[in-house]
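Structural overview for review
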Amino acid sequence: MSEKFTMDADWLQYHPAPVKPSYCPPAGAVDAHCHVFGPGDQFPYAPQRKYTPCDASKDQLWALREHLGFSRNVIVQATCHGADNRALVDALEHSDGRARGVATVTEDITEEELQALHAAGVRGVRFNFVKRLVDALPFDTLGAIADKIKPLGWHIVIYFESQELPELYDFFTSLPTTVVVDHMGRPDVSKPVDGEEFNLFVKLLTENENFWSKVSCPERLSQVGPHGYDDVVPFARRIVETFPDRVLWGTDWPHPNMKSHMPDDGELVNMIPRIAVTEELQRKLLVDNPMRLYWPEEVDCVTA
Ligand SMILES: O=C(O)c1cc(C(=O)O)oc(=O)c1
């Protein structure tokens with residue numbers, strides 16, 4: 001008898017019919033931040049989860065990818081599945097090599113478990129510091145995980161809120177791998193784009209060449225939404241233009257924990273030319289950078 005899961009009463013489902021974007025991504029574009037949820041009767045949600053989502057399957061993710069004009073996905077383990085990566089691995093194994101993954105692991109993961117994840121297409125682990133999502137692990141536990149995954153060439157994806165950056169800064173810069181920040185470290189976009197808070201984030205990437213940032217999730221950050229997200233544009237533009245070779249973009253489908261509104265994924269794609277204002281910046285953001293990080297074996301060194 002499979003466990004029954006009840007979606008949270010206030011859960012907003014992903015947009016049922018996103019528009020066809022007017023912006024046409026370059027060939028080979030990668031949605032570098034998205035998730036799969038369950039289905040819960042096949043891939044149970046974690047007992048320690050802090051939310052119960054709707055199901056959101058790999059087949060729906062592939063359909064969205066085609067609809068938006070993208071070619072590949074990087075699927076990030078969602079916190080509702082904890083360190084049970086079965087739904088992620090299932091999606092990767094049914095992606096015809098067009099999806100890579102970022103897993104969540106515990107300190108006691110074995111070498112053969114890591115090798116199996118690598119074989120499935122996992123290329124990184126996620127450290128989450130957002131208190132409403134997880135009970136963060138101690139730094140020495142995370143450091144032990146970092147040491148375990150470094151030999152595989154994996155990177156670490158970190159998700160934190162900007163007000164936490166001062167206290168997390170030294171731990172972050174101690175990490176021994178490439179580090180990718182989710183959603184620009186969630187800046188408070190009501191503050192100046194050249195103010196102290198965002199300047200600390202820019203300093204993190206300026207002083208640490210191994211740090212990358214996703215310029216995703218304007219819908220989570222904007223205080224003028226739910227359309228246009230104009231207040232987020234200067235922040236994303238600053239990161240794209242300052243670190244053009246170390247940025248990634250993603251839909252964040254199926255948009256966990258959105259409460260104010262549900263974004264139209266097609267409109268999120270239409271925002272790309274507003275934050276990456278030249279074709280070259282768009283190609284780096286959507287193709288060159290994610291390919292170098294997730295499919296390095298396919299990158300022709302001459303053109304890199
Ligand atoms: O802000 C969030 O609620 C959120 C949650 C998750 C997750 O639960 O994995 O991932 C994200 O990228 C964003």
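Since the model is a prediction, treat every value here as computed from it, not as a measurement.

Secondary structure assignment for the chain yields eleven helices and eight strands. Radius of gyration (C-alpha) of the chain: 18 Å, near the 19 Å computed for a compact globule of 304 residues. Taking the principal axes of the C-alpha coordinates as reference, the chain spans close to 50 × 45 × 40 Å. In the chain, which comprises 304 residues, the share counted as buried stands at 58%. Across the chain, the fraction of contacts at a sequence separation of at least 24, relative to all contacts at a separation of at least 6, is 77%. Split by element, the accessible area of the chain, about 12,800 Å² in all, is 52% carbon and sulfur.

According to UniProt, the "domain: Amidohydrolase-related" (unreviewed entry) feature falls on residues 30-294. Regarding residues 30-294, the helix share stands at 38% and the strand share at 14%, and the terminal C-alpha atoms are separated by 10 Å.

Time to look at the pairing of strand E2 (residues 72-76). Counted residue by residue, E2 has five buried out of five residues, so it is predominantly covered. Covered by surrounding structure in E2 are Arg72, Val74 and Val76 together with Asn73 and Ile75, the residues of both alternating faces. Two strands pair when backbone bridges link them, and strand E1 (residues 30-34) and E2 are joined in this way by three bridges, in the parallel orientation. In the strand pairing of E2, Asp31 is matched with Asn73. Between the parallel elements E1 and E2, the chain passes through helix H1 (residues 58-68) in a crossover that is right-handed. When E2 meets strand E3 (residues 99-103), the two strands line up parallel, connected through four bridges. Residue pairing for E3: Val76 is matched across the bridge by Val102. Handedness of the crossover is the feature at issue here: the chain leaves E2, passes through helix H2 (residues 86-93), returns alongside E3, and the resulting connection is right-handed.

Ranked by size, the top nonpolar core spans 101 residues in total, and within it Ile75, Ile158, Phe172, Met184, Phe201, Val215 and Trp249 carry the most contacts. Ranked by residues supplied to this core, first place goes to helix H11 (residues 279-294) with seven residues. Aside from chain neighbours lying at most four places away, what touches Val215 is Met184, Ala236, Ile239, Val240, Val247, Leu248, Trp249, Ile275 and Leu285.

Take the site of the ligand next. If you check the shell around the ligand, you find 16 residues, and the closest are Tyr51, Thr79, Arg126, Arg132 and Tyr159. Within the contact set of the ligand, an oxygen atom lies 2.6 Å away from a side-chain nitrogen or oxygen of Thr79. Contact distances for the ligand include 3.0 Å between an oxygen atom and a side-chain N or O atom of His183. For the ligand, whose accessible area on its own is 320 Å², the fraction buried by protein is 100%. Looking at the shell around the ligand, its residues break down into five nonpolar, six polar and five charged.

Scored by pLDDT, the chain has a mean of 97; 98% of the residues are at 70 or more. For this predicted complex, the interface confidence reaches an ipTM of 0.99, while the overall pTM sits at 0.97.

The topology assignment puts Lys50 in the loop between E1 and H1. You can call Lys50 partly exposed: its relative accessible area is 37%. The spatial distance from the C-alpha of Lys50 to the C-alpha of Pro192 is 32 Å, given a sequence separation of 142 residues. When residues no more than four places from it in sequence are discounted, the contact partners of Lys50 are Lys131, Arg132, Leu133, Val134 and Asp135. Here Asp135 takes part through its side chain, which lies 3.0 Å from a polar atom of the side chain of Lys50.

Regions of empty space are outlined by a rolling probe, equal in size to a water molecule, passed over the atoms. Roughly 450 Å³ of volume is contained in the largest pocket. Along the wall of the largest pocket there are 24 residues; nearest its centre are Gly82, Thr104, Val134, Asp135 and Leu137. For the lining of the largest pocket, the elements supplying multiple residues, two or more each, are strand E4 (122-128) and helix H4 (139-149). A class-by-class count of the residues in the lining of the largest pocket yields eleven nonpolar, eight polar and five charged.

The next subject is the packing of aromatic side chains. Taken as a whole, this structure holds 13 aromatic pairs when the rule is applied. Measuring from centroid to centroid gives 6.3 Å for Phe129 and Phe171, while their planes differ by 65 degrees, and the two rings are edge-to-face. Of the two residues, Phe129 is situated in the loop between E4 and H4 and Phe171 in helix H5 (residues 165-173); the sequence distance between them amounts to 42 residues. A relative accessible area of 9% means that Phe171 is categorised as buried. Taken together through their ring pairs, the aromatic side chains of Phe129, Phe139, Phe160, Phe171 and Phe172 make up a single cluster. Directly above the ring of Trp295 sits Arg72, whose terminal nitrogen or CZ lies 4.8 Å from the centroid.

What counts, and at which threshold
Residues numbered from 1 in each chain as written. Predicted model: local features only at pLDDT ≥ 70, side-chain atom pairs only at ≥ 80, totals over all residues. Heavy atoms only, no water. Helix = DSSP H or I, 4+ residues; strand = E, 2+ residues; numbered from the N terminus. Rg over C-alpha atoms; globule rule 2.2 N^0.38 Å. Buried < 20%, exposed > 50% of the residue type's maximum accessible area, 1.4 Å probe, protein only. Contact = heavy atoms within 4.5 Å. Areas by Shrake-Rupley, 256 points an atom, 1.4 Å probe, with all protein chains shown as cover. UniProt positions renumbered as here; feature names shortened; annotations may be inferred. Pairing = 2+ DSSP bridges. Right-handed = clockwise from strand over helix to strand, strands pointing away. Core = buried A, V, L, I, M, F, W, Y, C linked by side-chain atoms within 4.5 Å. Near = heavy atom within 4 Å. Polar contact = N/O pair within 3.5 Å; in protein donor to acceptor, adjacent residues only side chain to side chain. Nonpolar A, V, L, I, M, F, W, Y, C, P; charged D, E, K, R; others polar. pLDDT = per-residue confidence, 0-100. 1 Å grid on protein atoms, 1.4 Å probe; cavity = no way out; pocket = protein on both sides within 12 Å on 5 of 7 lines; lining within 4 Å. Points joined across faces, edges and corners; volume = space filled by probe spheres on them. Phe/Tyr/Trp six-rings, centres within 6.5 Å; stacked < 30°, edge-to-face > 60°. Lys NZ or Arg CZ within 6 Å of the ring centre and 35° of its normal.

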